[in-house]
Number of protein chains: 2
Amino acid sequence: MALSKKPVTGMKDILPAEMQIRDYVIGVIKDTYGKFGFTSIETPCVENIANLSNKQGGENEKLIFKILKRGEKLNLDTAETESDLVDGGLRYDLTVPLVRFYSNNAASLPSPFKALQMGNVWRADRPQRGRYRQFMQCDIDILGEASNLAEIELILATTTTIGRLGFRNFQIRINDRRILKAMAAYAGFAEESYDSVFITLDKMDKIGRDGVKEELEKEGYDPAVCKKYMDLFEAVETAEDGVACIKERLTDYLDEEVLASFIEIIESVRATKEDTFELVFDPTLVRGMSYYTGTIFEIAMPEFGGTACGGGGRYDEMVGKFTGQNVPACGFSIGFERIVLLLMEKGFQVPTQPEKVAYLIEKGVSGEELCNVIAKAKEERDTGRQVLVARMNKNKKFQKEQLTAEGYTEFKEFYKNPLKV
Amino acid sequence: MALSKKPVTGMKDILPAEMQIRDYVIGVIKDTYGKFGFTSIETPCVENIANLSNKQGGENEKLIFKILKRGEKLNLDTAETESDLVDGGLRYDLTVPLVRFYSNNAASLPSPFKALQMGNVWRADRPQRGRYRQFMQCDIDILGEASNLAEIELILATTTTIGRLGFRNFQIRINDRRILKAMAAYAGFAEESYDSVFITLDKMDKIGRDGVKEELEKEGYDPAVCKKYMDLFEAVETAEDGVACIKERLTDYLDEEVLASFIEIIESVRATKEDTFELVFDPTLVRGMSYYTGTIFEIAMPEFGGTACGGGGRYDEMVGKFTGQNVPACGFSIGFERIVLLLMEKGFQVPTQPEKVAYLIEKGVSGEELCNVIAKAKEERDTGRQVLVARMNKNKKFQKEQLTAEGYTEFKEFYKNPLKV
């Protein structure tokens, strides 16, 4: 079999220049989330296939990289379907593994438990520019906190991190699955059609209110209901205070406490936040995952034309799928790869790098002379400098140009015959 | 399908206490290797199955987690063997991916290229205590450096790192595949039997010289040859200077330059090293991987009864398998998981942690009062402290005990009715 130099389809090699930025971003994330009391955990990249196929992951469940059974458990002759052949899969997100982790380890974890996860996930998506089949996710989650303190802390921690990475003028869009449902109920949709209605609603930013209305009608919904629905969105979006407008119109459809808590999240974040971002109520925000039960939110970056660059929400019923007993849970995921991409495009330079010195040693230098050069390098490293020790190439000029491009600012040359210097 | 709370067989969840140590070790490794001019890179966890099955990985190739083809490429009806079903696999080490990476990206990389890789690898080994099917590897490699500067730098960088992690009295054992071969040739073994002889020799630390001799004889080798072989080991091991003994006896079997370079490595490291470790010539060191072509080395920790806790060597012919043109290459891998295990067992405490304060907020605190508490937390975080903001549990005493165990040393309580304080 021929060996392939390329990475597998849809995955990528990460070169030193990008790694430096990734490591920097990881450092800022860990430091900032740490200050908010989040502690790092890690789960295996492989999960039992049953856990990954539990209908919580929506479309992602169709994109799983599945792992072949091994040894006696693999029987090609009797295997009839794919599921006879596989026992595991690469995780497609960090939420399902987190919930399994929590269910498995709750007794050894504090309550509430504030988790930080940074790790790769895999999705066998159609490869496209800037989107890979292996990518890093970075999630914070709070388990065991029923109050809106979870949402407030998650939003403040995430926005502080994004701000420390130098981003400005971004938006956090916030909504609640229960507001979404109340709006659909108010318009007159039947409960069983909500999911389908929301899939169409999710296109609002692309096709606008008229487009959504038209599509809903095409799907066979009562034009009067569709009109009432779109009129409500228009009223909320043009109102000076969208939430107040919701409160006034949906009194009969929405629990008062739900809205009071929602307002408290918005007010607390606005009162505390730095002026790096805006928090806006977005009644059209849907979030695809079927596991959300309450508040949902998204980061929108102007650099990405307002596309989501992270998001999250409350999923109070997922732990129950593992343990039979629900635990309040809420999480926020940063779009790590997009942030790195933006920083690369900006030509971002990692701050506070050590001074970089290159020692170039002529081929003949050996024995005691070589020992002396290496000892000298040790001394310099001990003072905090970065010292590259390398043999001098034939084309020394080119070698130094290359090293200069890598950030080496000082060169020391060592010759067999010192008179050559 | 029922959901499983346990991780998949042989893999483990990593809890906050261990993660803190892992993150610390990763930090020390990255910082120290950085000072030596190594730059981080990353490759995908999945590799083409052909690359993983190229006979370079020895026994590890039997332990691959294989990934099922997807979509149209997967045809259960026509599949006859396992290889019809899979197109990728999880990497079992970081060396094969590095060589593929280098072959793919050499034009954009400096020469020599000094790479640092930290990443998970997977082996479907029989699960056993302290050994997992997913584990972190941490490798440094120098590609494009033919001289022994590569070995010297790799050994100094690795031992400096291990020393900074607080380990003392460890050993670096060093040997050369060419010395191994010369010793076998001197004794009278035929070249085609070397690999099999070395597999037996590798048991020396367990069964001793007599055991090895007996086993070799059982395998049918000429007793006179076996005796000459073991006598040579005895002579080398009891000599005051083992390398000088090799030099004297193997003049006709070993290239003079090979030995001169080997001696230079030993002398340069000894001249520069700190007194945290010893560098010893170990003529019985074999290293299993078939890709090694020259120097080989291992770290032995007294805490592990002298078992290897990392190792590496020169593999000058592996890039050629991808590109048709060999490139000198040499690498050193640290046993990351073992080091973490040792630190955990020692009760190691991560230095320089921020002060940890917990804010406990009574359930009724909301609105403006809540905003004030959150603003106060923000202020404290801005000063560098770690602030956990949580709702007060019903059993406040237990909550505080738990937080104390997590390292929170200060508590601030916030009540709806401040008179309660």
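Further up the page is the structure itself.
These notes cover the structure that comes with them. Here the structure is a predicted model, which is why all the values come from computation and not from measurement. (Residues numbered from 1 in each chain as written. Chains lettered and ligands numbered in written order. Predicted model: local features only at pLDDT ≥ 70, side-chain atom pairs only at ≥ 80, totals over all residues. Heavy atoms only, no water.)

## A few points about the overall build of chain A
The secondary structure content of chain A amounts to 14 helices and 14 strands. Structurally, chain A occupies a C-alpha span of about 95 × 65 × 45 Å along its principal axes. When burial is assessed residue by residue, chain A has 56% of its 421 residues classed as buried. At a minimum sequence separation of 6, the contacts of chain A that also span at least 24 residues come to 68%. Carbon and sulfur atoms make up 47% of the accessible area of chain A, which amounts to about 18,500 Å² in all. Separation of charge centres in chain A, based on 56 positive and 66 negative side chains, amounts to 9 Å. (Helix = DSSP H or I, 4+ residues; strand = E, 2+ residues; numbered from the N terminus. Buried < 20%, exposed > 50% of the residue type's maximum accessible area, 1.4 Å probe, protein only. Contact = heavy atoms within 4.5 Å. Areas by Shrake-Rupley, 256 points an atom, 1.4 Å probe, with all protein chains shown as cover. Lys, Arg positive; Asp, Glu negative; His and termini not counted. Charge placed at Lys NZ, Arg CZ, Asp CG, Glu CD.)

## Focus on the sheet that holds strand 12 (residues 356-361) of chain B
All names here are of chain B. With parallel pairing, three strands are arranged side by side in an open sheet as 13-12-14. Looking at which strands have only one partner, the edges of the open sheet turn out to be strand 13 (386-391) and strand 14 (410-414). Across the sheet, the axes of successive neighbouring strands diverge by a mean angle of 20°, strand direction being ignored. Of the strand pairs in this sheet, strand 12 and strand 13 are connected by six bridges, and their pairing is parallel. When the bridges of strand 13 are listed, Ile361 appears paired with Arg391. (Pairing = 2+ DSSP bridges. Axes fitted to C-alpha atoms, helices over the stretch in contact; angles between N-to-C directions.)

## Digging into the state of the cysteines
Residues and elements named next belong to chain A. Scanning the entire structure with this criterion turns up zero disulfides over all chains. Left unpaired, Cys309 is separated from the closest cysteine sulfur, that of Cys138, by 12 Å. Cys309 sits in the buried class, given a relative accessible area of 1%. Left unpaired, Cys330 is separated from the closest cysteine sulfur, that of Cys138, by 15 Å. Residue Cys330 is classed as buried on the basis of its relative accessible area of 0%. (Disulfide = S-S within 2.5 Å.)

## Focus on the sheet that holds strand 7 (residues 170-176) of chain B
Residue and element names in this part refer to chain B. Spatially, eight strands are ordered 1-5-6-11-10-9-7-8 in an open sheet, and the strand pairing comes out mixed. Whereas interior strands pair on both sides, the edge strands pair on one side only; in this sheet they are strand 1 (39-40) and strand 8 (277-281). Judged from the four bridges that link them, strand 9 (residues 295-300) and strand 10 (residues 308-314) form a sheet pairing that is antiparallel. Its bridge partner being in strand 10, Ile296 is matched across the sheet by Gly313. Sheet strands in contact with helix 5 (residues 149-164) are strand 5 (113-122), strand 6 (134-143), strand 7, strand 8, strand 9, strand 10 and strand 11 (329-334), and its direction is about 10° off that of strand 11.

## Quick notes on helix 13 (residues 336-345) of chain B
All names here are of chain B. The set of residues buried in helix 13 consists of Phe336, Glu337, Ile339, Val340, Leu342 and Leu343. Considering only its buried residues, helix 13 is in contact with helix 1 (16-35), strand 5, strand 6, helix 5, strand 10 and strand 11. Immediately beyond the C-terminal end of helix 13, within one or two residues, lies Gly347, with a positive phi of roughly 70°.

## Quick word on the environment of Cys371 of chain A
Inspection of the secondary structure assignment puts Cys371 of chain A in helix 13 (residues 367-382). Apart from the residues within four sequence positions on either side, Cys371 of chain A is in contact with Glu267, Ser268, Ala271 and Thr272 of chain B.

## Some words on the pairing of strand 8 (residues 277-281) of chain A
Residue and element names in this part refer to chain A. Summarising burial for strand 8: four of the five residues are buried, a large majority. Relative to strand 8, strand 7 (residues 170-176) runs parallel, the two being bridged by five bridges. Considered in strand 8, the bridge of Gln171 is made with Glu278.

## Remarks on the environment of Asn417 of chain A
Residues and elements named next belong to chain A. Following the sequence through the fold, Asn417 ends up in the segment after strand 14 (410-414). Overall, the relative accessible area of 40% leaves Asn417 in the partly exposed class. Remark: the alpha-carbon pair of Asn417 and Glu362, spanning 55 residues in sequence, is separated by 9.3 Å.

## Some remarks on the interface of chain A and chain B
With 104 residues of chain A at the contact, the number on the chain B side is 104 residues. Each partner contributes to the roughly 8,600 Å² buried at the junction of chain A and chain B, and carbon and sulfur atoms together form 61% of this total. Its largest share of buried area at the contact with chain B, chain A owes to Leu3, Lys5 and Lys35 of chain A, together 8% of the area lost on that side. Put simply, chain A and chain B have eight salt bridges between them. Here chain A and chain B share 40 residue pairs in polar contact (both at pLDDT 80 or more) between them. For the side of chain A that touches chain B, the residue count by class is 47 nonpolar, 30 polar and 27 charged. (Buried area = accessible area lost by both parts, 1.4 Å probe. Salt bridge = Lys/Arg side-chain N within 4 Å of Asp/Glu carboxyl O. Polar contact = N/O pair within 3.5 Å; in protein donor to acceptor, adjacent residues only side chain to side chain. Nonpolar A, V, L, I, M, F, W, Y, C, P; charged D, E, K, R; others polar.)

## Details of the relation of the copies chain A and chain B
Between the two copies, chain A and chain B, the superposition gives an RMSD of 0.0 Å; the rotation angle is 180° and the shift along the axis is 0.0 Å. Seen this way, the second copy is the image of the first under a two-fold rotation axis. Ranked by how close their C-alpha atoms come to the rotation axis, the residues of chain A are headed by Ile67 of chain A, at 2.3 Å. Both copies contact each other with a shared surface, as 100% of the interface residues of chain A are interface residues in chain B too. (Least-squares fit on C-alpha atoms with pLDDT ≥ 70 in both.)

## Points about the pattern of salt bridges
If charged atoms from side chains of opposite charge come close, those side chains can pair. Taken as a whole, this structure holds 62 salt bridges over all chains when the rule is applied. Among the salt bridges present, the one from Glu410 of chain A reaches Arg385 of chain A, with a minimum N-O distance of 2.8 Å. Here Arg385 of chain A lies in the loop between helix 13 and strand 13 (386-391) and Glu410 of chain A lies in strand 14, a separation of 25 residues in the sequence. Linking Lys227 of chain B and Asp231 of chain B is a salt bridge whose minimum nitrogen-to-oxygen distance equals 2.7 Å.

## Examining the packing of helix 10 (residues 242-249) of chain B against helix 11 (residues 256-272) of chain B
Residues and elements named next belong to chain B. Running from amino to carboxyl end, helix 10 crosses helix 11 at an angle of 175°, the nearest separation of the two axes being 11 Å. What the angle tells us is that helix 10 and helix 11 run roughly antiparallel. Facing helix 10, whose interface residues are Val243, Ile246 and Lys247, helix 11 presents Leu259, Phe262, Ile263 and Ile266. Considered class by class, the residues forming the contact of helix 10 with helix 11 number six nonpolar, no polar and one charged. (Parallel < 35°, antiparallel > 145°, perpendicular 65-115°, else oblique.)

## Some details on the packing of aromatic side chains
In the structure shown here, the tally under the stated rule is 30 aromatic pairs over all chains. Between the aromatic rings of Phe189 of chain B and Tyr221 of chain B, the centroid separation amounts to 5.3 Å while the plane-to-plane angle is 80°, which identifies the pairing as edge-to-face. Placement of the pair is Phe189 of chain B in the loop between helix 6 (177-187) and helix 7 (194-201) and Tyr221 of chain B in the loop between helix 8 (204-218) and helix 9 (223-238), with a sequence separation of 32 residues. By relative accessible area, which is 18% here, Tyr221 of chain B ends up buried. Aromatic ring contacts, followed pair by pair, group Phe189, Tyr221, Tyr229 and Phe233 of chain A into a single cluster. Between the NZ or CZ atom of Lys346 of chain A and the centre of the ring of Phe167 of chain A, over which it lies, the distance is 4.3 Å. (Phe/Tyr/Trp six-rings, centres within 6.5 Å; stacked < 30°, edge-to-face > 60°. Lys NZ or Arg CZ within 6 Å of the ring centre and 35° of its normal.)

## As for the side chain of Arg100 of chain A
Looking at where Arg100 of chain A falls in the secondary structure, it is placed in helix 3 (residues 95-105). Looking at Arg100 of chain A, the relative accessible area reads 0%, which means it is buried. Excluding anything up to four places from it in sequence, Arg100 of chain A contacts Thr43, Pro44, Glu47, Asn51 and Phe322 of chain A together with Ser4, Lys5, Lys6, Pro7 and Asp13 of chain B.

## Comments concerning helix 9 (residues 242-249) of chain A
Residue and element names in this part refer to chain A. Considered for burial, the residues of helix 9 that qualify are Gly242, Val243, Cys245 and Ile246. One side of helix 9 carries all its buried residues, which in axial view fall inside an arc of 160°. Its buried side turned inward, helix 9 meets helix 5 (177-187), helix 8 (223-238), helix 10 (256-272) and strand 8. The distance from a side-chain oxygen at the start of helix 9 to the backbone nitrogen of Val243 is 3.1 Å, and the residue carrying that oxygen is Asp241. (Arc of directions from axis to C-beta.)

## Structural notes on the packing of helix 13 of chain A against helix 5 of chain B
The N-to-C vectors of helix 13 of chain A and helix 5 of chain B enclose an angle of 35°; their axes lie 12 Å apart at closest approach. Note on packing geometry: the crossing formed by helix 13 of chain A with helix 5 of chain B is right-handed. On helix 5 of chain B, the residues that touch Leu370, Ile374 and Arg381 of chain A of helix 13 of chain A are Leu149, Ile152, Glu153 and Leu156 of chain B. A class-by-class count of the residues in the contact of helix 13 of chain A with helix 5 of chain B yields five nonpolar, no polar and two charged. (Left-handed = near helix turned anticlockwise from the far one by under 90°.)

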